[in-house]
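Now for the letters of each chain:
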Amino acid sequence: MRLYEAVAKRIVELCNDKGITINALANICGMPSANIKNIQYGRSKNPGLKIIVQICNGLDITIEEFFHSDVFKDYKYFDEIMKF
């Protein structure tokens, strides 16, 4: 699984846990829903840390909580994010 796919899965997982939709999450975070939907549908291959922090703030979780998921447990393809 690619990192952007894992991030998208985690966002959906967190929304399901909180019982909210992607649109509701976007509203809570104060960002256009297109930003999150682009991540969800793989159009954004490199979601920035600023967006992830906004999502964490909207969900009232830490970055550590965001990445503390089985989705990232065995992630080892860091070379993918190091390519510029």
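The structure we're discussing is the one just above.
Residues numbered from 1 in each chain as written. Predicted model: local features only at pLDDT ≥ 70, side-chain atom pairs only at ≥ 80, totals over all residues. Heavy atoms only, no water.

Peer 1: I'd love a proper account of helix 2 (residues 22–29), names of residues and values included.
Peer 2: Taken as a whole, helix 2 has its buried residues at Ile22, Leu25, Ala26 and Cys29. Along helix 2, the residues classed as buried sweep out an arc of 100 degrees about the axis, all on the same side. As for helix 2, its buried residues are in contact with helix 1 (3–18), helix 3 (33–40) and helix 4 (49–59). Just downstream of helix 2, Gly30 is the residue with a positive phi angle, here 70 degrees. (Buried < 20%, exposed > 50% of the residue type's maximum accessible area, 1.4 Å probe, protein only. Helix = DSSP H or I, 4+ residues; strand = E, 2+ residues; numbered from the N terminus. Arc of directions from axis to C-beta. Contact = heavy atoms within 4.5 Å.)

Peer 1: Describe the pattern of salt bridges, and please don't skip the residues or the numbers.
Peer 2: Enumeration over the complete set of coordinates arrives at one salt bridge. Note that Glu13 is salt-bridged to Arg10, the shortest N-O span being 2.2 Å. Pair noted here: Glu13 and Arg10 are both in helix 1, with a separation of three residues, about one helical turn. (Salt bridge = Lys/Arg side-chain N within 4 Å of Asp/Glu carboxyl O.)

Peer 1: Can you break down a nonpolar patch on the surface residue by residue, with the values?
Peer 2: There is a patch of nonpolar side chains on the surface, built from Leu49, Val53, Ile63 and Phe67 and spanning about 310 Å² of accessible area. Secondary structure elements with two or more residues in the nonpolar patch: helix 4 and helix 5 (63–67). As for its placement among the helices and strands, Phe67 is situated in helix 5. Its relative accessible area of 32% is what places Phe67 among the partly exposed residues. (Patch = residues over 30% accessible without salt bridge, like charges linked within 9 Å, V, L, I, M, F, W, Y side chains within 5 Å. Areas by Shrake-Rupley, 256 points an atom, 1.4 Å probe, with all protein chains shown as cover.)

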